[in-house]
Structure formats: structure tokens, C-alpha cells
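A closer look at the structure
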Amino acid sequence: MTEPDGGGPGGGALFGLIDVAGPSMVPTLREGDQLLVRYGARIRPGAVVVFRHPFQQDLLVVKRAAERRPKGWWLLSDNRPVDSDSRSYGAVPDELVLGRVLLRLRPRPAWLAPGRGLERLLLTGPPARVPGLARRLGVWIDPDGP
């Protein structure tokens with residue numbers, strides 16, 4: 001990840017822009033996507049987050065927050081064959097998780113952080129009958145889930 005705006009970690013900004021590098025978050029994110037991040041935002045399972053790599057802290061990484069564990073967040077790639085995630089480096093301590101990705105700005109704008117109420121409606125209400133709508137509006141559906 002790169003930070004084209006210079007905001008965010010260490011800069012004190014509440015919001016920042018980052019560019020995606022690499023295939024680990026395909027199909028959600030692709031190389032060259034530009035993301036709007038809210039630094040310091042509350043993290044919950046299913047959120048796309050930005051964090052400092054546990055072994056190379058000058059490297060910013062984007063992954064999916066799978067679950068909260070005693071030693072931090074278990075963060076996974078959406079592209080499951082790419083295992084450069086918590087499967088290789090363990091839970092990421094809270095102090096290294098910097099913020100939540102709110103939306104992809106380019107090339108195609110997409111909201112990546114729906115609220116709990118909207119998420120519930122998209123998964124269980126009448127909109128759930130529209131194929132693919134929940135995913136297009138940023139609701140993460142675990143492909144390995146129940």
C-alpha cells in the first residue's frame with residue numbers, strides 16, 4: 001500500500017487515501033484501486049482494515065478483519081490462496097490496526113463499510129432477494145461460512 005496524500009499513520013489525519021498493490025484482496029480490491037480510510041475507526045468482524053505489518057512496520061497492508069482474538073485481530077486475505085495474512089504472522093495487535101476502509105474511490109466507487117443495520121437488512125430483508133446486492137454494497141459474505 002502507498003499513501004498518496006501523506007495523511008494517516010503518524011500524520012494525525014482522521015481520513016487518508018491509499019493505493020492497493022498486490023492481489024491479496026481480489027475480488028474485493030485490485031491492484032491500483034484507491035481507498036478512503038478512516039483512521040482510528042472502530043473495527044468489527046467483516047471490516048476491511050489497514051494495518052502495519054507485524055514484522056515490517058513501515059509496510060501498510062489491507063486485509064479483512066475476520067475475528068477478534070486475545071492477542072489482537074485475525075486478519076485474512078479475501079483471495080484465500082494468498083496466505084500473506086494472519087495465517088502466516090498470527091493475530092495483529094490492536095496498536096498496529098490503524099483504521100477501516102470506508103470506500104473504494106477508483107476505478108469504480110464502491111462503499112466498503114455499511115453499518116450494522118444496513119448490513120442486516122441486506123442479508124435478511126427484502127433486498128436480500130436481489131442477487132449480489134449485499135456484496136456490491138460492501139457486505140462481506142464469508143465463502144467458507146455456514
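To be clear, the structure that these remarks concern was listed above.
Below you will find a few notes about this structure. Everything quoted here is computed from the prediction, not taken from an experiment. (Residues numbered from 1 in each chain as written. Predicted model: local features only at pLDDT ≥ 70, side-chain atom pairs only at ≥ 80, totals over all residues. Heavy atoms only, no water.)

Observations regarding the nonpolar core
Ranked by internal contacts, the top residues of the largest apolar core, which has 14 residues, are I18, L29, L35, V50, V62 and V101. Those elements that place two or more of their residues in this core are β2 (34–39), β3 (48–53), β4 (56–69) and β6 (97–106). Listed in part, the 12 residues of the second largest apolar core include A47, V61, A65 and L96. (Core = buried A, V, L, I, M, F, W, Y, C linked by side-chain atoms within 4.5 Å. Buried < 20%, exposed > 50% of the residue type's maximum accessible area, 1.4 Å probe, protein only. Helix = DSSP H or I, 4+ residues; strand = E, 2+ residues; numbered from the N terminus.)

Regarding the pattern of salt bridges
The tally for this structure, following the rule as stated, stands at 6 salt bridges. Two residues, D19 and R106, come together in a salt bridge whose shortest N-O distance is 3.3 Å. Placement of D19 in strand β1 (residues 15–19) and of R106 in strand β6 is noted, with a sequence separation of 87 residues between them. Judged by its relative accessible area of 17%, D19 is buried. Across the pair D85 and R87 runs a salt bridge whose closest N-O atoms are separated by 2.7 Å. (Salt bridge = Lys/Arg side-chain N within 4 Å of Asp/Glu carboxyl O.)

Side note on the environment of R116
Note on placement: R116 falls in helix α2 (residues 116–124). Spatially, the C-alpha atom of R116 lies 9.8 Å from that of R44, the residues being 72 residues apart in sequence.

Points about the pairing of β6
Within β6, 8 of the 10 residues are buried, leaving the element largely enclosed by the surrounding structure. Both β3 and β6 contribute to a ladder of 3 bridges, which runs antiparallel. Its bridge partner being in β6, F51 is matched across the sheet by V97. Of the pairings in the sheet, the one linking β6 to strand β7 (residues 110–111) comprises 2 bridges and is antiparallel in character. Bridge assignment links L103 to a residue of β7, and that residue is W111. Count of turn residues in the β6/β7 antiparallel hairpin: 3 residues. (Pairing = 2+ DSSP bridges.)

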